[in-house]
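A closer look at the structure
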Amino acid sequence: SMGTIAARKARTILHQTQEILAMETLAACQAIDLQEEFIHLGKGTLLAYNHIRKYVDFIEEDTVMYPYIHKVLELIKDESILKVVEEAVELEAI
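Sequence order as written defines residue numbering, which begins from 1 separately in each chain. Side-chain atom pairs in this predicted model are given and counted only at pLDDT of 80 or more, local residue features only at pLDDT of at least 70, and totals for whole chains, interfaces and linings cover all residues. For the side-chain quantities, the full set of heavy atoms in the structure was used; hydrogens and water were omitted.

1. Some points on a negative patch on the surface
Put simply, the test is: Here the term patch refers to residues with relative accessible area over 30% and no salt bridge, with like charges joined within 9 Å and nonpolar side chains (Val, Leu, Ile, Met, Phe, Trp, Tyr) within 5 Å. Using a 1.4 Å probe, the Shrake-Rupley method yields the accessible areas, and only the shown protein chains count as cover for residues. We define a salt bridge as a contact between a side-chain nitrogen of Lys or Arg and a carboxyl oxygen of Asp or Glu at a distance within 4 Å. Residues scored as positive are Lys and Arg, those scored as negative are Asp and Glu, and His as well as the terminal groups of each chain are ignored. One atom stands in for each charge, and that atom is NZ of Lys, CZ of Arg, CG of Asp or CD of Glu. Elements are defined by DSSP. Helices are runs of H or I of four residues or more, strands are runs of E of two residues or more, and each kind is numbered from the N terminus.
On the surface, Asp 78, Glu 79, Glu 86 and Glu 87 cluster together into a patch of negative charge. Following the sequence through the fold, Asp 78 ends up in the loop between α3 (66–77) and α4 (80–88).

As structure tokens, this is what we get:
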């Protein structure tokens, strides 16, 4: 049925979106570390950055990125980044 096909496609889209978020998040952490001057991060951003860096160190040399991306993906899927930020930052309902 079309419902089953749509559900499978939605699951694929969710997984691919999470993978993209993992790559972008890792790239953002790398960019923060590459800043020569101190940059001020927002409270939630700093908490997310510190949480990710507990599990994934700064990458200094060319290497296979999959293990690092996969670790950040795990942090996204288990919602631990979200939990760390939500515990410290009061979010307003939209």
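2. A few points about the nonpolar core
Our working rule: The nonpolar core is taken to be a set of buried Ala, Val, Leu, Ile, Met, Phe, Trp, Tyr and Cys residues, with the residues joined through side-chain atoms within 4.5 Å. The classification of residues rests on relative accessible area computed with a 1.4 Å probe and restricted to protein chains. Under 20% of the type maximum is buried, over 50% is exposed, and intermediate values are partly exposed.
Core analysis: the biggest nonpolar cluster contains 16 residues, and Ala 22, Leu 26, Tyr 49, Ile 52, Val 56, Val 72 and Ile 81 have the highest contact counts within it. Counting only elements with at least two residues in this core, the list comes to α1 (2–34), α2 (43–55), α3 and α4.

3. A closer look at the side chain of Ser 80
Operational definition: The contact criterion used is simple: two residues touch if any of their non-hydrogen atoms lie within 4.5 Å.
Its place among the elements puts Ser 80 in helix α4. For Ser 80, a relative accessible area of 16% puts it in the buried group. The residues contacting Ser 80, other than those within four sequence positions of it, are His 51 and Leu 75.

4. Considerations on α2
Let me state the cut-off plainly: A helix is expected to span 1.5 Å multiplied by its residue count minus one.
Taking 1.5 Å of rise per residue, 13 residues should cover 18 Å, and α2 covers 19 Å from first to last C-alpha, within 8% of that figure. Of the positions making up α2, those classed as buried are Gly 44, Ala 48, Tyr 49, His 51, Ile 52 and Arg 53. Tucked inside the fold, the buried residues of α2 contact α1, α3 and α4.

5. A look at the packing of α2 against α3
Selection criterion: In this description, a line fitted to the C-alpha atoms serves as the axis of each element, helices being fitted only across the stretch in contact, and the angle between N-to-C directions of two axes falls anywhere from 0 to 180 degrees. We call two directions roughly parallel when the angle between them is under 35 degrees, roughly antiparallel when it is over 145, roughly perpendicular when it lies between 65 and 115, and oblique otherwise. Left-handed describes a crossing in which the near helix is turned anticlockwise from the far one by less than a right angle; the clockwise case is right-handed. In this classification, the charged set is Asp, Glu, Lys and Arg, the nonpolar set is Ala, Val, Leu, Ile, Met, Phe, Trp, Tyr, Cys and Pro, and all remaining amino acids, among them Gly, are polar.
One can describe the packing of α2 onto α3 by two numbers: an axis separation of 10 Å at closest approach and a directional angle of 130 degrees. If you check the angle between α2 and α3, you find them oblique. For the crossing formed where α2 meets α3, the hand is right-handed. Contacts between α2 and α3 involve His 51, Ile 52 and Tyr 55 from the first element and Lys 71, Val 72 and Leu 75 from the second. In terms of residue class, the contact of α2 with α3 is made up of four nonpolar, one polar and one charged.

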